[in-house]
Amino acid sequence: MKKTILIAALLISGLGVKAQNWNVDAAHTNIGFVVDYMVVSELEGTFKKYDATITSNKADFSDINIDFKVDVNSVNTDNEMRDKHLKGDDFFNTDKYPNMSFKSTSVKKVGDKDYVMEGNLTIRDVTKKVKFAVHYGGTVKDPWGNTKAGFKATTKINRLDYGLKYNAAIETGEMVASNEVSIIINTVLIKQK
């Protein structure tokens, strides 16, 4: 009988668990990418507009669930002509595919504050599984009483896999822009009240 009551209590208390929602702190978030440029340098860029749905029940975020959407028209490499090229069909084709997205499918804790997050990354009309290495910086209360958590997530993709097909070559035969692109996300999340 005691066992039945204990199981019932656990089930009832489990039903009361509600996913905690988090918002992206846009003032303290950077979604960037890095690509090798003509073998001799790196080119960096960012996306300025994005939206996310983020939930987690656990304090250590080991069950975090992320649905992230980026407005590709907000790409910024500090060069208007290059940004226009990136928005064209050689790269993102923002007229036809204005957004790219990432939806997490699993997260695995691999260290005290380190995780591997797997999910589906969609760029243009191509969706592929990717793995992000995620470092959890910690959780704090800011001076205004908000609970904030910080993360850095990184991954590498082959841009050609997603139809970002531009491939002009320099005299050595190397590509102007490398096929491998590093994606780096530094973000602060704010717990919804």
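Residues numbered from 1 in each chain as written. Predicted model: local features only at pLDDT ≥ 70, side-chain atom pairs only at ≥ 80, totals over all residues. Heavy atoms only, no water.

(A) Region of interest: the pairing of strand E11 (residues 177-191). In this structure, strand E1 (residues 20-24) lies alongside E11, joined through 3 bridges in antiparallel fashion. Looking at E11, one finds that Asn23 is bridged to Ile190. The sheet contact formed by strand E2 (residues 30-37) and E11 spans 7 bridges and is antiparallel. Its bridge partner being in E11, Gly32 is matched across the sheet by Ile184. (Pairing = 2+ DSSP bridges. Helix = DSSP H or I, 4+ residues; strand = E, 2+ residues; numbered from the N terminus.)

(B) The pairing of strand E5 (residues 65-71), seen in detail. Here E5 shows a buried face lined by Ile66, Phe68 and Val70 and an unburied face lined by Asn65, Asp67, Lys69 and Asp71. Bridging between strand E4 (residues 50-56) and E5 involves 6 bridges; their strand directions are antiparallel. Residue Thr53 lies in a different strand from E5, and its bridge partner there is Asp67. Note that E5 and strand E7 (residues 99-109) share 5 bridges and pair antiparallel. Opposite Lys69, over in E7, you have Ser101 as the bridge partner. (Buried < 20%, exposed > 50% of the residue type's maximum accessible area, 1.4 Å probe, protein only.)

(C) Local environment of unusual backbone geometry. The backbone of Phe61 shows a phi angle near 65°, a positive value even though the residue is not glycine. Counting through the fold element by element, Phe61 comes out in the loop between E4 and E5. With a phi angle near 50°, Asn93 is a residue other than glycine that sits in the positive phi range. One can find Asn93 in the loop between helix H2 (80-87) and E7.

(D) Representation of the environment of Lys109 in the model. Tracing the chain through its elements places Lys109 in strand E7. On the basis of relative accessible area, Lys109 is assigned to the partly exposed category, the value being 38%. On a C-alpha basis, the gap between Lys109 and Phe61 in space is 9.1 Å, while along the polypeptide they are 48 residues apart. Setting aside its immediate chain neighbours within four residues, Lys109 contacts Asp60, Asp114 and Tyr115. At 3.1 Å, the side chain of Lys109 forms a polar contact with the side chain of Asp60. (Contact = heavy atoms within 4.5 Å. Polar contact = N/O pair within 3.5 Å; in protein donor to acceptor, adjacent residues only side chain to side chain.)

(E) Examining the environment of Val70 more closely. One can find Val70 in strand E5. Since its relative accessible area comes to 6%, Val70 is described here as buried. Distance in space between the C-alpha atoms of Val70 and Lys48 is 8.4 Å, their sequence separation being 22 residues. In contact with Val70, other than residues within four places in its own chain, are Ile31, Phe47, Lys49, Tyr50, Pro98, Asn99 and Met100.

(F) Region of the structure containing the nonpolar core. By size, the foremost hydrophobic cluster in this structure holds 40 residues, and its most contacted members are Phe47, Phe68, Phe92, Leu121, Ile123, Phe132 and Ile157. When residues in this core are grouped by element, the largest group, 5 residues, is from E11. Ignoring any residue separated from it by four or fewer positions in sequence, one finds Phe92 in contact with Phe47, Val72, Leu86, Lys87, Tyr97, Met100, Ile123, Arg124 and Leu164. (Core = buried A, V, L, I, M, F, W, Y, C linked by side-chain atoms within 4.5 Å.)

(G) Region of interest: the packing of aromatic side chains. Scanning the entire structure with this criterion turns up 8 aromatic pairs. Where Phe47 meets Phe92, the ring centres are 5.9 Å apart and the plane angle is 80°; that geometry is what we call edge-to-face. In this pair, Phe47 is assigned in strand E3 (residues 41-47) and Phe92 in the loop between H2 and E7, connecting sequence segments 45 residues apart. Neither residue differs from the other here; Phe47 and Phe92 are each classed as buried. Put simply, the rings of Trp22, Phe61, Tyr136 and Phe151 touch in pairs and so form one group of aromatic residues. Positioned over the ring face of Tyr136 is Lys113, at 5.8 Å from the centre of the ring. (Phe/Tyr/Trp six-rings, centres within 6.5 Å; stacked < 30°, edge-to-face > 60°. Lys NZ or Arg CZ within 6 Å of the ring centre and 35° of its normal.)

These results come straight from atomic positions and should not be treated as a statement about function.
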